Amino acid sequence: MPGDTSERLRTAGMRVTASRVAVLEVLGEHPHATADTVARLVAARLGSVSKQAVYDVLAACTHAGLVRRIEPAGSAALFETRTGDNHHHLVCRRCGRTEDVDCTVGERPCLAPGEDAGFTVDEAEVVFWGLCPDCQDRPVSHHNTKELQP
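A short tour of the structure in this document, coming up.

Conventions used here
- Residues numbered from 1 in each chain as written.
- Predicted model: local features only at pLDDT ≥ 70, side-chain atom pairs only at ≥ 80, totals over all residues.
- Heavy atoms only, no water.
- Pairing = 2+ DSSP bridges.
- Helix = DSSP H or I, 4+ residues; strand = E, 2+ residues; numbered from the N terminus.
- Axes fitted to C-alpha atoms, helices over the stretch in contact; angles between N-to-C directions.
- Left-handed = near helix turned anticlockwise from the far one by under 90°.
- Contact = heavy atoms within 4.5 Å.
- Nonpolar A, V, L, I, M, F, W, Y, C, P; charged D, E, K, R; others polar.

Here four bridges tie strand β4 (residues 88-92) to strand β5 (residues 98-101), and the two strands are oriented antiparallel to one another. Across the sheet, His88 pairs through a bridge with Val101, a residue of β5. Between β4 and β5, which pair antiparallel in sequence order, lie five residues; one of them, Gly96, sits at a positive phi of approximately 90°.

Where helix α3 (residues 35-46) contacts helix α4 (residues 51-63), the axes come no closer than 9 Å and their chain directions differ by 115°. In the packing of α3 onto α4, the handedness of the crossing is right-handed. Judged by residue contacts, Ala35, Asp36, Val38, Ala39 and Val42 of α3 engage Lys51, Val54, Tyr55 and Leu58 from α4. A per-class count over the contact of α3 with α4 returns seven nonpolar, no polar and two charged.

Moving on, we come to the sheet that holds strand β6 (residues 127-130). Across the sheet, which stays open at both edges, the three strands sit in the order β5-β4-β6 with mixed pairing between neighbours. The two strands at the open ends of the sheet, each matched to only one other strand, are β5 and β6. Neighbour-to-neighbour, the strand axes of this sheet turn through a mean angle of 25°, independent of strand direction.

By themselves these figures say nothing about function.
Okay, structure coming up:
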(Lines give C-alpha, C1' and ligand atoms only; values in the text may rest on other atoms or scores of the structure.)
Protein backbone atom coordinates (compact mmCIF):
# COMPACT_ATOMS: atom_id res chain seq x y z
CA MET A 1 0.00 0.00 0.00
CA PRO A 2 2.68 2.55 -0.92
CA GLY A 3 0.02 4.96 -2.21
CA ASP A 4 -1.78 4.96 1.14
CA THR A 5 1.51 5.43 2.98
CA SER A 6 2.53 8.31 0.73
CA GLU A 7 -0.84 9.96 1.24
CA ARG A 8 -0.56 9.59 5.03
CA LEU A 9 2.83 11.30 4.92
CA ARG A 10 1.50 14.14 2.75
CA THR A 11 -1.55 14.61 4.97
CA ALA A 12 0.79 14.92 7.97
CA GLY A 13 2.73 17.64 6.10
CA MET A 14 5.78 15.44 5.55
CA ARG A 15 7.81 14.88 2.39
CA VAL A 16 7.48 11.43 0.90
CA THR A 17 10.85 9.68 0.94
CA ALA A 18 11.79 6.06 0.43
CA SER A 19 12.98 5.72 4.02
CA ARG A 20 9.78 7.22 5.48
CA VAL A 21 7.59 4.98 3.33
CA ALA A 22 9.68 1.92 4.24
CA VAL A 23 9.56 2.69 7.98
CA LEU A 24 5.77 3.09 7.97
CA GLU A 25 5.28 -0.05 5.89
CA VAL A 26 7.59 -2.09 8.13
CA LEU A 27 5.70 -0.89 11.21
CA GLY A 28 2.40 -1.74 9.53
CA GLU A 29 3.66 -5.29 9.04
CA HIS A 30 5.51 -5.53 12.38
CA PRO A 31 3.71 -3.50 15.05
CA HIS A 32 5.49 -3.09 18.39
CA ALA A 33 8.92 -3.31 16.77
CA THR A 34 12.03 -1.81 18.33
CA ALA A 35 14.00 0.85 16.45
CA ASP A 36 16.78 -1.68 15.82
CA THR A 37 14.31 -4.16 14.31
CA VAL A 38 12.80 -1.44 12.12
CA ALA A 39 16.29 -0.38 10.99
CA ARG A 40 17.23 -3.97 10.09
CA LEU A 41 13.99 -4.56 8.14
CA VAL A 42 14.17 -1.20 6.36
CA ALA A 43 17.80 -1.84 5.37
CA ALA A 44 16.79 -5.24 3.97
CA ARG A 45 14.05 -3.52 1.96
CA LEU A 46 16.01 -0.52 0.68
CA GLY A 47 19.46 -2.05 0.46
CA SER A 48 21.24 0.65 2.38
CA VAL A 49 20.03 3.01 5.07
CA SER A 50 21.76 4.14 8.22
CA LYS A 51 20.39 3.34 11.65
CA GLN A 52 20.47 7.05 12.42
CA ALA A 53 18.29 7.79 9.38
CA VAL A 54 15.71 5.27 10.61
CA TYR A 55 15.84 6.73 14.13
CA ASP A 56 15.30 10.19 12.63
CA VAL A 57 12.31 8.95 10.61
CA LEU A 58 10.81 7.30 13.70
CA ALA A 59 11.21 10.54 15.68
CA ALA A 60 9.71 12.68 12.89
CA CYS A 61 6.79 10.30 12.35
CA THR A 62 6.14 10.12 16.10
CA HIS A 63 6.17 13.92 16.31
CA ALA A 64 3.75 14.10 13.33
CA GLY A 65 1.37 11.60 14.98
CA LEU A 66 1.87 8.86 12.39
CA VAL A 67 3.72 6.59 14.81
CA ARG A 68 3.23 5.92 18.50
CA ARG A 69 6.16 5.13 20.79
CA ILE A 70 5.49 2.97 23.82
CA GLU A 71 7.99 2.16 26.53
CA PRO A 72 7.07 -0.86 28.64
CA ALA A 73 9.22 -1.01 31.78
CA GLY A 74 12.35 -3.10 31.30
CA SER A 75 12.05 -3.07 27.52
CA ALA A 76 13.38 -1.03 24.63
CA ALA A 77 10.97 1.51 23.15
CA LEU A 78 8.47 -0.04 20.76
CA PHE A 79 6.86 1.66 17.78
CA GLU A 80 3.50 1.16 16.07
CA THR A 81 1.35 2.89 13.47
CA ARG A 82 -1.89 2.54 15.43
CA THR A 83 -2.32 6.07 16.77
CA GLY A 84 -4.98 8.39 18.10
CA ASP A 85 -7.28 5.83 19.66
CA ASN A 86 -5.72 5.60 23.14
CA HIS A 87 -5.56 1.79 23.09
CA HIS A 88 -3.53 -0.08 25.68
CA HIS A 89 -1.12 -3.03 25.62
CA LEU A 90 -0.63 -6.54 26.94
CA VAL A 91 3.06 -7.41 27.49
CA CYS A 92 4.45 -10.87 28.20
CA ARG A 93 6.86 -10.50 31.08
CA ARG A 94 8.91 -13.46 29.83
CA CYS A 95 9.37 -12.98 26.05
CA GLY A 96 8.22 -9.37 25.62
CA ARG A 97 5.45 -10.15 23.12
CA THR A 98 3.18 -7.11 22.96
CA GLU A 99 -0.44 -7.02 21.84
CA ASP A 100 -2.97 -4.20 21.51
CA VAL A 101 -5.95 -4.00 23.85
CA ASP A 102 -8.82 -1.68 23.01
CA CYS A 103 -10.04 0.79 25.61
CA THR A 104 -12.86 -0.73 27.55
CA VAL A 105 -14.79 2.44 28.32
CA GLY A 106 -15.68 5.36 26.10
CA GLU A 107 -13.53 7.87 24.28
CA ARG A 108 -10.06 9.16 24.94
CA PRO A 109 -9.00 9.15 27.71
CA CYS A 110 -10.87 5.97 28.55
CA LEU A 111 -9.61 6.08 32.15
CA ALA A 112 -9.60 8.98 34.57
CA PRO A 113 -7.44 9.49 37.64
CA GLY A 114 -9.12 9.73 41.04
CA GLU A 115 -7.45 13.13 41.50
CA ASP A 116 -6.20 15.13 38.51
CA ALA A 117 -4.23 17.81 40.46
CA GLY A 118 -5.58 20.45 38.07
CA PHE A 119 -4.28 18.70 34.94
CA THR A 120 -6.35 18.49 31.77
CA VAL A 121 -6.02 14.77 31.04
CA ASP A 122 -6.10 13.87 27.34
CA GLU A 123 -4.62 10.38 27.34
CA ALA A 124 -4.34 7.33 29.58
CA GLU A 125 -1.75 4.62 29.10
CA VAL A 126 -2.17 1.20 30.65
CA VAL A 127 0.11 -1.81 30.31
CA PHE A 128 -1.22 -5.19 31.35
CA TRP A 129 1.53 -7.66 32.30
CA GLY A 130 1.36 -11.44 32.23
CA LEU A 131 2.47 -14.47 30.23
CA CYS A 132 1.54 -14.99 26.58
CA PRO A 133 0.11 -18.40 25.59
CA ASP A 134 3.48 -19.65 24.28
CA CYS A 135 5.29 -18.75 27.52
CA GLN A 136 2.55 -20.28 29.66
CA ASP A 137 3.29 -23.61 28.00
CA ARG A 138 7.10 -23.40 28.41
CA PRO A 139 8.97 -24.22 31.60
CA VAL A 140 10.92 -21.35 33.14
CA SER A 141 14.61 -21.37 32.29
CA HIS A 142 16.99 -18.68 33.44
CA HIS A 143 18.70 -18.91 30.03
CA ASN A 144 15.65 -18.19 27.83
CA THR A 145 13.79 -15.56 29.79
CA LYS A 146 13.81 -11.80 29.85
CA GLU A 147 11.53 -11.62 32.88
CA LEU A 148 10.53 -8.04 32.21
CA GLN A 149 9.60 -6.06 35.29
CA PRO A 150 6.62 -3.70 35.25
